[in-house]
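Chain and residue survey
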Amino acid sequence: AIKWGRKMVAKLEGRCRELEAEIDAEQRRSGDAHKNLRKAERGIKEYTFRAEEDRKNSERMRDLVDKLQQQIRTYKKQIEEAEEIAAINLTKFRKAQMELTEACERADLNEQACAKFRARERSQSMARDY
């Protein structure tokens, strides 16, 4: 019986060592799993942060695009107004140019008429002198 008891104690001690080895292995696996979990959580936080930054950047870009589109509309309106003013000024310039041309033509006709009148006056005054 003592022999059998010693065998049983040895067998139980062996089983204890096996269980302790399994516990150590399980603790290592658990530690690795916790390590991997923390790593995955850090990755998730990082991706969440990036996604939030991307969303903020996207919102900023959208605001900037809206602002630039409004600025483009303002510039287009200013261009249209400037084109209208330029068309009016061009019309006024052409009208003034035509009036100037007509005035120059009338001045030339008047100068010719005046020259004829002076020539006639001279010829009449010469005829009176003789």
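Scroll up a little and you will see the structure.
To keep things clear, this report deals only with the structure shown in the data block. Just so it is clear, the structure is predicted and the values come from calculations on it, not from any experiment.

A few words now on the overall build of the chain. The number of helices and strands found in the chain is one helix and zero strands. In terms of C-alpha radius of gyration, the chain reaches 54 Å, well past the compact-globule figure of 14 Å for 130 residues. In terms of overall dimensions, the chain has a C-alpha envelope of 185 × 20 × 10 Å along the principal axes. In the chain, which comprises 130 residues, the proportion classed as buried is 2%. Taken as a whole, the chain presents about 12,600 Å² of accessible surface, with 57% of it coming from carbon and sulfur.

What follows covers the pattern of salt bridges. The final tally for this structure, using the stated rule, is five salt bridges. Linking R29 and E26 is a salt bridge whose minimum nitrogen-to-oxygen distance equals 2.5 Å. A residue pair is termed a helical-turn pair when its members lie 3 or 4 positions apart in one helix, as R29 and E26 do in helix α1 (residues 2–129) at three residues. Across the salt bridge formed by R55 and E52, the nearest N and O atoms sit 2.4 Å from each other.

Moving on to a nonpolar patch on the surface. Where nonpolar side chains cluster on the molecular surface, the patch consists of W4, M8 and L12 and spans about 340 Å² of accessible area. As for its position among the elements, L12 is in helix α1.

Inspection of the secondary structure assignment puts F49 in helix α1. Residue classification places F49 among the exposed residues on the basis of a relative accessible area of 56%. Sequence-wise, F49 and Y75 are 26 residues apart; in three dimensions their C-alpha atoms are separated by 38 Å.

Another aspect to go through is a positive patch on the surface. On the surface, a cluster of positive charge is contributed by K35, R38, K39 and R42. With respect to the secondary-structure elements, R42 resides in helix α1. Residue R42 is classed as exposed on the basis of its relative accessible area of 53%.

The next thing to look at is a negative patch on the surface. Where like charges cluster on the molecular surface, the negative patch consists of E99, E102, E105, D108 and E111. Looking at the element boundaries, E99 is found in helix α1. E99 gets classed as partly exposed once you look at its relative accessible area, which sits at 43%.

The rules we used
Residues numbered from 1 in each chain as written. Predicted model: local features only at pLDDT ≥ 70, side-chain atom pairs only at ≥ 80, totals over all residues. Heavy atoms only, no water. Helix = DSSP H or I, 4+ residues; strand = E, 2+ residues; numbered from the N terminus. Rg over C-alpha atoms; globule rule 2.2 N^0.38 Å. Buried < 20%, exposed > 50% of the residue type's maximum accessible area, 1.4 Å probe, protein only. Areas by Shrake-Rupley, 256 points an atom, 1.4 Å probe, with all protein chains shown as cover. Salt bridge = Lys/Arg side-chain N within 4 Å of Asp/Glu carboxyl O. Patch = residues over 30% accessible without salt bridge, like charges linked within 9 Å, V, L, I, M, F, W, Y side chains within 5 Å. Lys, Arg positive; Asp, Glu negative; His and termini not counted. Charge placed at Lys NZ, Arg CZ, Asp CG, Glu CD.

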